[in-house]
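# Notes for the structure review
Chain residues, written in single-letter form:
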Amino acid sequence: MSELKYTVADFKSDQEVKWCPGCGDYAVLSAIQKAMPQIAANADVEHSRFAVVSGIGCSSRFPYYVSTYGFHGIHGRANAIATGLKTANPDLSVFVMTGDGDSLAIGNHFIHSIRRNIDLNVVLFNNEIYGLTKGQYSPTSKLGKITKTSPYGTVERPFNPGELVIGAHGTFFARSIDAEVNLTTECMVAASKHDGLSVIEVLVNCMIFNNGTHKAFAGDKEVRAEHTITLRQGEKMLFGKNMDKGLMLDNMKLKVVTVGENGVTLDDILVHDAHEKDTMVHVMLASMKYPDFPVALGIIRDVAEPTYEREVARQIAEVQATAKIKNVDDLLNSGETWEVE
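Residues numbered from 1 in each chain as written. Predicted model: local features only at pLDDT ≥ 70, side-chain atom pairs only at ≥ 80, totals over all residues. Heavy atoms only, no water.

## Let's talk about the environment of asparagine 126
The topology assignment puts asparagine 126 in strand β4 (residues 121–126). Along the backbone, asparagine 126 and alanine 321 are 195 residues apart, and their C-alpha atoms lie at a distance of 46 Å. (Helix = DSSP H or I, 4+ residues; strand = E, 2+ residues; numbered from the N terminus.)

This is the structure in structure tokens:
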């Protein structure tokens, strides 16, 4: 364990937090300020090695509210900026704060940073609406949602961020809810330990433009107990107030069952394995929707693959060791060259 002893106060900035009262973003801010001291202690990361990058949106105000290096980018480009930052300085612990509009609609850097598996920690705030720009529907808005830009209801099928991440060859995907600050903190700490790109989707509430969008399954504690399932590595997939409901496979499909009914025993319940490289069960877990299934929370996928920045560094080292290219002039005069008369 590191001798670095930071506290939550070390990661709080002196800036006034300007979100609407009751916004779920406050809870995520609390979670990351709790996570960063733990990350520093676990990985021997000094305060000066943390960086927070954002794009545009309510969540993208984050760099001002944490006491770290920060960069407030432009719409949809946070992942691209963070990729350059991490590649240039692999020793940094880089967090990307982004929203469902910022990363899933504006530009396509999100899926390519996932595909490259660069070692970034992406926190995706999903309130299923554009908040900062005043209530347009987003790529995760529910089908039929009435908004400023869909007055008769959106006809577009929404993205499921988990499906998108895993489909883009993502190596780490977790999900939490704004009210579950401890779980969000736990996911952030686990993401920092993951060697590669991690995505944490946090289901947050927008009090002004989409109040209660997650309420059916993410309301009070009793509602969450019955309608969500928190997955933990190596443990049975159980949920419910009495932990008597669970998930099993039936004809290669997930099925919700109750232990003790219809001959179902604890042995029939699936054991969660986030490290399984096959994506089949992980996709099914990430895709579960209320009311037919509990919404999956916790770390759904966590597998090891080579990272982008390490492969770039390896390639540069190999070229420098074997080639005659030692500087930019050598590079410009190598390969095919021609003169313009």
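The structure having been displayed, the exposition proceeds.
## Side note on helix α3 (residues 78–88)
Along α3, the positions that sit buried rather than exposed are Ala78, Asn79, Ala82, Thr83 and Lys86. Each buried residue of α3 sits inside an arc of 135° when the element is viewed along its axis, so together they form one side. Considering only its buried residues, α3 is in contact with β1 (50–54), β3 (93–99), α4 (100–104), α5 (109–116), β4 and α11 (308–322). (Buried < 20%, exposed > 50% of the residue type's maximum accessible area, 1.4 Å probe, protein only. Arc of directions from axis to C-beta. Contact = heavy atoms within 4.5 Å.)

## Considerations on the pairing of β4
Most of β4 sits out of view: six of its six residues are buried. Neither face of β4 is exposed, since Asn121, Val123 and Phe125 on one face and Val122, Leu124 and Asn126 on the opposite face are all buried. Here β3 pairs with β4 via five bridges, running parallel. What sits directly across from threonine 98, in β4, is leucine 124. Sheet analysis places β4 next to strand β6 (residues 198–203), joined by six bridges and oriented parallel. Opposite asparagine 121, over in β6, you have serine 198 as the bridge partner. (Pairing = 2+ DSSP bridges.)

## Some details on the sheet that holds strand β10 (residues 253–258)
Strands sit in the order β8-β9-β10 across an open sheet of three strands; the sheet is antiparallel. Of all the strands in the sheet, the pair left with one neighbour each is β8 (238–239) and β10. Relative to strand β9 (residues 245–250), β8 runs antiparallel, the two being bridged by two bridges. In the strand pairing of β9, phenylalanine 239 is matched with lysine 245.

## A short note on the pairing of β1
Here β1 lies mainly inside the structure; five of its five residues are buried. Of the two faces of β1, both are covered, the one formed by Phe50, Val52 and Ser54 as well as the one formed by Ala51 and Val53. Bridge count between β1 and strand β2 (residues 69–72): four bridges; the pairing is parallel. Looking at the pairing, valine 53 lines up with phenylalanine 71 of β2.

## Overview of the pattern of salt bridges
A side chain of one charge can pair with a side chain of the opposite charge when the charged atoms of the two come close. All told, the structure shown has 11 salt bridges when counted by the stated rule. Across the salt bridge formed by glutamate 180 and arginine 224, the nearest N and O atoms sit 2.7 Å from each other. One end of the pair, glutamate 180, is in the loop between β5 (172–177) and α7 (181–193); the other, arginine 224, is in helix α9 (residues 221–227), with 44 residues separating them in the sequence. Residue glutamate 180 is classed as partly exposed on the basis of its relative accessible area of 26%. A salt bridge links glutamate 311 to arginine 314; the nearest nitrogen and oxygen atoms lie 2.9 Å apart. (Salt bridge = Lys/Arg side-chain N within 4 Å of Asp/Glu carboxyl O.)

## Examining the side chain of glutamate 128
Inspection of the secondary structure puts glutamate 128 in the loop between β4 and α6 (161–167). Judged by relative accessible area, glutamate 128 falls into the buried class, the value being 10%. Here glutamate 128 is in contact with Asp100, Ser138, Thr140, Ser141, Lys142, Asn210, Thr213 and His214, once residues within four sequence places are set aside.

## A word on the layout of surface pockets
What the largest pocket holds in volume is close to 480 Å³. The wall of the largest pocket is formed by 21 residues, among which Glu128, Lys142, Asn160, Phe217 and Lys289 lie closest to the centre. For the lining of the largest pocket, the elements supplying multiple residues, two or more each, are β6 and α8 (215–218). By residue class, the composition of the lining of the largest pocket is 11 nonpolar, five polar and five charged. (1 Å grid on protein atoms, 1.4 Å probe; cavity = no way out; pocket = protein on both sides within 12 Å on 5 of 7 lines; lining within 4 Å. Points joined across faces, edges and corners; volume = space filled by probe spheres on them. Nonpolar A, V, L, I, M, F, W, Y, C, P; charged D, E, K, R; others polar.)

## Description of the state of the cysteines
Applying the stated rule across the entire model yields zero disulfides. Lacking any disulfide linkage, cysteine 58 is separated from the closest cysteine sulfur, that of cysteine 23, by 6.3 Å. Not engaged in a disulfide, the cysteine cysteine 206 finds its nearest cysteine sulfur in cysteine 58; these two sulfurs lie 6.5 Å apart. Taking relative accessible area as the criterion, cysteine 206 reaches 10% and is therefore assigned buried. (Disulfide = S-S within 2.5 Å.)

## Examining the environment of tyrosine 130
As for its placement among the helices and strands, tyrosine 130 is situated in the loop between β4 and α6. Accessibility expressed as a relative area gives 16% for tyrosine 130, which makes it buried. Distance in space between the C-alpha atoms of tyrosine 130 and alanine 225 is 29 Å, their sequence separation being 95 residues. Excluding residues within four positions of it along the chain, tyrosine 130 makes contact with His75, Gly101, Ala105, Ile106, Gly135, Gln136, Tyr137 and Ser138.

## Looking at the packing of helix α1 (residues 25–43) against α7
Between α1 and α7, the shortest axis-to-axis distance is 8 Å and the interhelical angle comes to 40°. On the basis of the axis angle, α1 is oblique to α7. Taken as a pair, α1 and α7 cross one another with a handedness that is right-handed. Contacts from Ala27, Val28, Ser30, Ala31, Ile32, Lys34, Ala35, Gln38, Ile39 and Asn42 of α1 reach α7 at Val181, Asn182, Thr184, Thr185, Met188, Val189, Ser192 and Lys193. A class-by-class count of the residues in the contact of α1 with α7 yields nine nonpolar, seven polar and two charged. (Axes fitted to C-alpha atoms, helices over the stretch in contact; angles between N-to-C directions. Parallel < 35°, antiparallel > 145°, perpendicular 65-115°, else oblique. Left-handed = near helix turned anticlockwise from the far one by under 90°.)

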